[in-house]
Number of protein chains: 2
Amino acid sequence: MELLEKRIQQDGIVKKGNVLKVDNFLNHQMDIALFNEMGKEFKRLFADRPVNKILTIEASGIGIACIVAQYFQVSVVFAKKAQSINIDGEVYSTKIESFTHKRVYDVIVSKKYLGPEDHILIIDDFLANGCAVNGLISLIESADAVVEGIGIAIEKAGQMGGKLLREKGYLVESLAVIESMDDKTGKIIFRHN
Amino acid sequence: MELLEKRIQQDGIVKKGNVLKVDNFLNHQMDIALFNEMGKEFKRLFADRPVNKILTIEASGIGIACIVAQYFQVSVVFAKKAQSINIDGEVYSTKIESFTHKRVYDVIVSKKYLGPEDHILIIDDFLANGCAVNGLISLIESADAVVEGIGIAIEKAGQMGGKLLREKGYLVESLAVIESMDDKTGKIIFRHN
């Protein structure tokens, strides 16, 4: 998606350790007009899929998921990190390792909001090693629901998460795929295919 | 807001300890069509305020804030709980005590996304004792930005947070104000004034 690639080139900052900071527009400050364009594009890419719910994970997936949901006219469920006294006992749970935070989270979804009748589009801001998406797939499979597709804002091709998901047969659509980036020059190269 | 009150009556569950569970439509599963109606109502209530940015706090404020932002045509910034390696050193920070989770969080906003030029509308899902909102106000004041108003989905009048904020002169608009609720009968009484 050209608009997103341009924005990454303009406002993204490449940091040491293969980190791309896009907190100017994607996951701290959020450009809602851009999210709407992303929503239209995801709707085009998943037009033939019978999506009835979007699943994401807190926190930075929530904003994108809610705007995207308007184009599918469906509700959003977000998986929560760690137990809250406000969640009933009846939950699906899994463990997810965070690349960004270098720790393992317990992630839960109430059984009330995920079931065999659901056809799920997973939405998230980043796909790198795929830990978050694989955790969400595990929750969906626990509920006997169907993964209709996986929509990602920015995929980092070097970290293989997307490749492995596609090899397993999942439909993964990433709006920008980063082939490589250089923290010394700030140069970002995108993959197109 | 009648639509929200009806939804709370229909799907809200009153639990012991003065807890109202609305995770069916507000803060776990999210009804985006309802959020759009809330966005229109907030725009009506804050129509004369020169809002140029919405500030919320992760996680459950983000979805509402993003949908509401469309009616103000502004960006959203969400305050983050605890330090991430992806946030630059230059942040405003404060401590917030969570009523739901019974713990104290460090909450931060990058100095890049909050400054003296900003006129902020705070959006959150709940207002009870006001800890979260007061923390956001503290971040805004650290940045010499202006609090234009505070928009809340559900206010629990018994916990005084809203009363104290109004006494300090802030414009607080809550779409549903709970006067009282009974976990034995499930009865919820709303305040109208």
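An account of the accompanying structure is given in this report. (Residues numbered from 1 in each chain as written. Chains lettered and ligands numbered in written order. Predicted model: local features only at pLDDT ≥ 70, side-chain atom pairs only at ≥ 80, totals over all residues. Heavy atoms only, no water.)

### Comments concerning the interface of chain A and chain B
Cut-off, in case you're wondering: Any two residues having at least one pair of non-hydrogen atoms within 4.5 Å are treated as being in contact. Throughout, the accessible surface (probe 1.4 Å) given up by two parts as they are put together, summed over both, is called the buried area. One speaks of a salt bridge when a side-chain nitrogen belonging to Lys or Arg is within 4 Å of a carboxyl oxygen belonging to Asp or Glu. In protein, a polar contact means a hydrogen-donor-capable atom and an acceptor-capable atom, both N or O and within 3.5 Å, with residues adjacent in sequence counting only if both atoms are side-chain atoms; elsewhere, any N or O pair within 3.5 Å suffices. Pairing between two strands is assigned when DSSP locates at least 2 bridges connecting them. Only runs of H or I of at least four residues qualify as helices and only runs of E of at least two qualify as strands under DSSP, and these elements are numbered from the N terminus.
Contact with chain A, which involves 42 residues of that partner, is made by 43 residues of chain B. In total, about 3,500 Å² of surface goes out of reach between chain A and chain B, with carbon and sulfur atoms giving 57% of it. Taken together, the connections running from chain A to chain B amount to zero salt bridges. On inspection of chain A and its partner chain B, the count reaches 17 residue pairs in polar contact (both at pLDDT 80 or more). Bridge count between strand E5 (residues 75–81) of chain A and strand E3 (residues 29–30) of chain B: two bridges; the pairing is antiparallel. Residue pairing across strands places A:Val76 opposite B:Met30, the latter belonging to E3(B).

### Things to note about the relation of the copies chain A and chain B
Quick note on the threshold: We place the copies in one frame by least squares, fitting the C-alpha atoms of every residue whose pLDDT is at least 70 in both.
Its rotation angle being 180 degrees, the transformation that places chain A on chain B also includes 0.0 Å of axial translation and leaves an RMSD of 0.0 Å. Taken together, the rotation and translation relating the two chain copies correspond to the operation of a two-fold axis. Same-surface contact between copies: 100% of interface residues of chain A are shared with the interface of chain B.

### Some details on the pairing of strand E8 (residues 119–127) of chain B
Residues and elements named next belong to chain B. Rule in force here: With a 1.4 Å probe rolled over the protein chains alone, any residue whose accessible area is under 20% of its type maximum counts as buried; one over 50% counts as exposed, and the rest are partly exposed. By the criterion used throughout, a crossover qualifies as right-handed when its path from the first strand across the helix to the second strand runs clockwise, the strands pointing away from the viewer.
Across the nine residues that make up E8, a large majority, eight, are buried. With three bridges connecting them, strand E4 (residues 53–57) and E8 associate as parallel partners. Pairing of isoleucine 54 across the sheet is with leucine 121, part of E8. Between the parallel pair E8 and strand E9 (residues 146–156), the chain is carried across by helix H4 (residues 131–142), and the sense of this crossover is right-handed.

### Overview of the pairing of strand E5 (residues 75–81) of chain B
Residue and element names in this part refer to chain B. The buried count for E5 comes to five of seven residues, which makes it a mostly enclosed element. Where E4 meets E5, five bridges bridge the pair, whose relative direction is parallel. Along E5, the bridge assignment pairs lysine 53 with serine 75. Taken together, E4, helix H3 (residues 60–72) and E5 form a β-α-β motif whose crossover is right-handed. Bridge count between E5 and strand E7 (residues 103–110): two bridges; the pairing is antiparallel. Note that in E7 the partner of lysine 80 across the bridge is isoleucine 108.

### Notes on the packing of helix H2 (residues 32–45) of chain B against H3(B)
All names here are of chain B. What counts, and what does not: Interaxial angles span 0 to 180 degrees and are taken between N-to-C directions of axes, which are lines fitted to C-alpha atoms, for helices over the stretch in contact. These descriptions rest on fixed angle ranges, namely under 35 degrees for roughly parallel, over 145 for roughly antiparallel, 65 to 115 for roughly perpendicular, and the rest for oblique. Should the near helix be turned anticlockwise from the far one by less than a right angle, the crossing is termed left-handed; should it be turned clockwise, right-handed. In the scheme used here, Gly and all other residues not listed as nonpolar or charged are polar, with Ala, Val, Leu, Ile, Met, Phe, Trp, Tyr, Cys and Pro taken as nonpolar and Asp, Glu, Lys and Arg as charged.
Where H2 meets H3, the closest approach of the two axes is 8 Å, and the angle between their N-to-C directions is 50 degrees. On the basis of the axis angle, H2 is oblique to H3. Where H2 crosses over H3, the two elements pack in a sense that is right-handed. Between H2, through Ile32, Phe35, Asn36, Met38, Gly39, Lys40, Phe42 and Lys43, and H3, the contact on the second element is made entirely by Gly63, Ile64, Ile67, Val68, Gln70, Tyr71 and Phe72. Here the residues of the contact of H2 with H3 are counted per class, giving nine nonpolar, four polar and two charged.

### Quick notes on the pattern of salt bridges
Applying the stated criterion across every chain yields a total of 26 salt bridges over all chains. Measuring nitrogen to oxygen at the nearest pair gives 3.5 Å for the salt bridge that ties B:Lys6 to B:Glu2. Remark: B:Glu2 and B:Lys6 occur in helix H1 (residues 2–11); sequence separation between them is four residues, near one turn of the helix. As far as the burial class goes, B:Lys6 and B:Glu2 line up, both exposed. Connected through shared salt-bridge partners, A:Arg7, A:Asp11 and A:Asp31 make up one network.

### Let's talk about helix H1 (residues 2–11) of chain A
Residues and elements named next belong to chain A. To be explicit about the condition: For this quantity, the arc is that covered by the directions from the helix axis to the C-beta atoms.
Regarding H1, the residues found buried are Leu4, Glu5, Arg7 and Ile8. Buried positions in H1, seen along its axis, are confined to an arc of 160 degrees and lie on one side of it. The exposed residues of H1 that point more than 90 degrees off its buried face are Glu2, Lys6 and Gln10. Tucked into the core, H1 has its buried residues touching strand E2 (19–21), helix H2 (32–45), strand E9 (146–156), strand E10 (172–181) and strand E11 (188–190).

### A closer look at the environment of B:Met160
Looking at the element boundaries, B:Met160 is found in the loop between E9 and helix H5 (161–167). Relative accessible area serves as the criterion here: at 38%, B:Met160 is assigned to the partly exposed category.

### Structural notes on helix H4 (residues 131–142) of chain A
Short version of the rule: Helix span, expected: 1.5 Å multiplied by one less than the number of residues in the helix.
Compared with an ideal rise of 1.5 Å per residue, which puts twelve residues at 16 Å, H4(A) spans 16 Å between its outermost C-alpha atoms and is within 8% of the ideal. Of all the positions in H4(A), only A:Val133, A:Gly135, A:Leu136, A:Ile137, A:Leu139 and A:Ile140 are classed as buried.

### Some thoughts on the packing of aromatic side chains
To be explicit about the condition: We call Phe, Tyr and Trp rings a pair once their centres come within 6.5 Å, taking the six-membered ring for Trp, and we label the pair stacked below 30 degrees between planes, edge-to-face above 60, and tilted otherwise. Criterion for a charge above a ring: Lys NZ or Arg CZ within 6 Å of the ring centre, and within 35 degrees of the ring normal.
Considering all chains together, one arrives at two aromatic pairs over all chains under this definition. Above the face of the A:Tyr105 ring, A:Lys81 is positioned so that its terminal group lies 4.7 Å from the ring centre.

### Focus on the packing of helix H3 (residues 60–72) of chain A against H3(B)
Running from N to C, H3(A) and H3(B) point in directions that differ by 50 degrees, and their axes come no closer than 8 Å. Considering the angle they form, H3(A) stands oblique to H3(B). Note on packing geometry: the crossing formed by H3(A) with H3(B) is right-handed. Contacts between H3(A) and H3(B) involve A:Ile62, A:Gly63, A:Cys66, A:Ile67 and A:Gln70 from the first element and B:Ile62, B:Gly63, B:Cys66, B:Ile67 and B:Gln70 from the second. Of the residues in the contact of H3(A) with H3(B), the class split is six nonpolar, four polar and no charged.

Structural measurements only, silent on function.
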